[in-house]
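Here's the letter readout for the chains.
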Amino acid sequence: MCIRKNKIKMALCFIALLFVCSCGANKQSPSNNPPEDKEQTETVQADLPEEAEPVVQPEAIPPANATEPKEDPEEEPEEELEKRPIEPVLTVWPDADTAAIEAYRAILQENATFVNTTNGEYFDITRLKEMTAPYVDYPVEADSFSLVDLDHDGTPELILLVPIGATVSIEILRYEDGIVYAFGFSDRACNELRKNGTFWASGGANESGICSITFSKDQCTVDKFTYCTIPDYSIGEVKYFVDHKEVSEAECSLATDEWMELPYADWYECVDENIDVVFSLDINDT
């Protein structure tokens, strides 16, 4: 009897113990998603960049005091800019010797000759190759012409620009006593011609400067009046002159800069149209 009661008590105790353990286990058992894993997942998701929304640029809003931009006037085509009025030669030099002007026009129109001062032979404008570069195997013709009073006697000289390969020959034609004399220069000896009759000449590495020229029939004299020179290469000293007076380098540079501001001579293409315009005045009636 006592043994049976003891067994019953033990059974009841065992059941009670199982109940208590079961309740405790339900309270303390971890969840399927532990807190650590949850925090890690949230951190990773926070690091993922969100999909960027398209950005719409706002329209530019002008300031309150803005004004409408002014339209620049249409630039004239380059061809139009080159078509400036050409003044007849006797309008520019009203006191010029009309016989000289008539002779120049006849030469340009292949109707007159001139004397080559190098050898005294007569040529016309169609024989420039024979006169200036007989050694080349291609045509040589005057490209353009200019009229400038080089010696300031009131009558201009006719200057021809004659390309010869990569170089240029300058032919100065001057009328005197019924004859037109031709004086030939290389492009280094006569370039940068200005309207006042002066030009730039280079005698090589030792000398260069501003020049003028005078004539006496078949002779000409070039006067280099503002220039720099090295008289003696063994010494190497550079000397500077302005109007034939020795000056400092700065004074010579200033005089040269002022000369560079002078207007260039006008050049015209050697075509009938330009010749007709430049010599448009009927000089036989003047």
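Residues numbered from 1 in each chain as written. Predicted model: local features only at pLDDT ≥ 70, side-chain atom pairs only at ≥ 80, totals over all residues. Heavy atoms only, no water.

1. A word on the side chain of Ser169
Next, step 1: You can see Ser169 is positioned in strand E5 (residues 167-176).
Next, step 2: There is a polar contact of 2.9 Å between the side chain of Ser169 and the side chain of Glu171.
Next, step 3: Apart from the residues lying within four places of it in its own chain, the contact partners of Ser169 are Thr132, Leu160, Leu161, Val162, Ile164 and Phe185. (Helix = DSSP H or I, 4+ residues; strand = E, 2+ residues; numbered from the N terminus. Polar contact = N/O pair within 3.5 Å; in protein donor to acceptor, adjacent residues only side chain to side chain. Contact = heavy atoms within 4.5 Å.)

2. Observations concerning the sheet that holds strand E4 (residues 157-164)
Next, step 1: With respect to topology, 7 strands assemble into an open sheet ordered E2-E1-E6-E5-E4-E3-E12, the strand pairing being mixed. Of all the strands in the sheet, just strand E2 (122-123) and strand E12 (268-269) have a single pairing partner and so form its edges.
Next, step 2: Pairing between E4 and E5: 7 bridges, direction antiparallel. Bridged to Ile164 within E5 is Thr167.
Next, step 3: In the packing of helix H5 (residues 98-108) onto the sheet, the strands contacted are strand E1 (114-116), strand E3 (144-148), E4, E5 and strand E6 (179-186), and the crossing angle to E5 comes to about 140 degrees. (Pairing = 2+ DSSP bridges. Axes fitted to C-alpha atoms, helices over the stretch in contact; angles between N-to-C directions.)

3. With respect to the pairing of strand E7 (residues 199-202)
Next, step 1: The side-chain alternation of E7 yields one buried face, formed by Phe199 and Ala201, and one unburied face, formed by Trp200 and Ser202.
Next, step 2: Bridging between E7 and strand E8 (residues 207-216) involves 4 bridges; their strand directions are antiparallel. Bridging across to E8, Trp200 finds its partner in Ile210.
Next, step 3: Linking two consecutive strands that pair antiparallel, namely E7 and E8, is a turn of 4 residues; a positive phi of about 110 degrees is found at Gly204 within it. (Buried < 20%, exposed > 50% of the residue type's maximum accessible area, 1.4 Å probe, protein only.)

4. Looking at helix H7 (residues 249-260)
Next, step 1: Between its terminal C-alpha atoms H7 stretches 16 Å, which fits the 16 Å expected from 12 residues at 1.5 Å a residue.
Next, step 2: Within H7, the full set of buried residues consists of Cys252, Ala255, Thr256 and Trp259. Projected down its long axis, H7 carries its buried residues within an arc of 100 degrees, all on one side. The outward face of H7, more than 90 degrees from its buried face, is lined by the exposed residues Ala250, Leu254 and Glu258.
Next, step 3: Structurally, H7 contributes buried residues whose contacts are with E7, E8, strand E9 (219-229), strand E10 (239-242) and strand E11 (245-247). (Expected span 1.5 Å × (residues − 1). Arc of directions from axis to C-beta.)

5. Some points on the pattern of salt bridges
As a working rule, side chains carrying opposite charge can pair if their charged atoms are close by.
Next, step 1: The tally for this structure, following the rule as stated, stands at 10 salt bridges.
Next, step 2: A salt bridge links Glu192 to Arg194; the shortest N-O distance between them is 3.2 Å.
Next, step 3: A relative accessible area of 31% places Glu192 in the partly exposed class.
Next, step 4: For Arg194, a relative accessible area of 0% puts it in the buried group.
Next, step 5: A salt bridge links Lys195 to Asp266, with the shortest nitrogen-to-oxygen separation between them at 3.5 Å. Here Lys195, found in the loop between E6 and E7, pairs with Asp266, found in the loop between H7 and E12; they are 71 residues apart in sequence, far enough to count as distant.
Next, step 6: The exposure class assigned to Lys195 is partly exposed, which follows from its relative accessible area of 45%.
Next, step 7: Asp266 sits in the partly exposed class, given a relative accessible area of 25%.
Next, step 8: Here the residues in one salt-bridge network are Asp151, Asp153, Glu157, Arg174 and Glu176, joined through shared partners. (Salt bridge = Lys/Arg side-chain N within 4 Å of Asp/Glu carboxyl O.)

6. So, H5
Next, step 1: Where burial is concerned, most of H5 is hidden: 8 out of the 11 residues are buried.
Next, step 2: Every buried residue of H5 is listed here: Ala100, Ile101, Ala103, Tyr104, Arg105, Ala106, Ile107 and Leu108.
Next, step 3: Its side-chain oxygen placed 3.0 Å from the backbone nitrogen of Ala99, Asp97 serves as the N-cap of H5.
Next, step 4: Just downstream of H5, Glu110 is the residue with a positive phi angle, here 65 degrees.

7. Quick notes on a negative patch on the surface
Next, step 1: A surface patch of like charges, here negative, comprises Glu110, Glu141, Asp272, Glu273 and Asp276.
Next, step 2: You can see Glu110 is positioned in the loop between H5 and E1. (Patch = residues over 30% accessible without salt bridge, like charges linked within 9 Å, V, L, I, M, F, W, Y side chains within 5 Å. Areas by Shrake-Rupley, 256 points an atom, 1.4 Å probe, with all protein chains shown as cover. Lys, Arg positive; Asp, Glu negative; His and termini not counted. Charge placed at Lys NZ, Arg CZ, Asp CG, Glu CD.)

8. Some words on the confidence of the model for the protein chain
Next, step 1: Residues with a pLDDT of 70 or more make up 69% of the protein chain, whose mean pLDDT is 80.
Next, step 2: For residues 19-73, every residue scores under 50 in pLDDT, and the model assigns this stretch 0 contacts once sequence neighbours within four places are set aside. (pLDDT = per-residue confidence, 0-100.)

9. Some thoughts on the packing of aromatic side chains
Next, step 1: In the structure shown here, the tally under the stated rule is 4 aromatic pairs.
Next, step 2: With centroids separated by 5.2 Å and ring planes inclined at 50 degrees, the aromatic side chains of Phe183 and Phe215 adopt a geometry described as tilted. Within this pair, whereas Phe183 is found in strand E6, its partner Phe215 is found in strand E8, the two being separated by 32 residues in sequence. With respect to burial, Phe183 and Phe215 carry one shared label: buried.
Next, step 3: For the pair Tyr227 and Phe241, a centre-to-centre distance of 5.0 Å together with 15 degrees between the ring planes defines the contact as stacked. Of this pair, Tyr227 sits in strand E9 while Phe241 sits in strand E10, and the two are 14 residues apart along the sequence.
Next, step 4: Judged by its relative accessible area of 16%, Tyr227 falls in the buried class.
Next, step 5: In this arrangement the basic side chain of Arg194 is found over the ring face of Trp259, its NZ or CZ atom lying 4.3 Å from the centre. (Phe/Tyr/Trp six-rings, centres within 6.5 Å; stacked < 30°, edge-to-face > 60°. Lys NZ or Arg CZ within 6 Å of the ring centre and 35° of its normal.)

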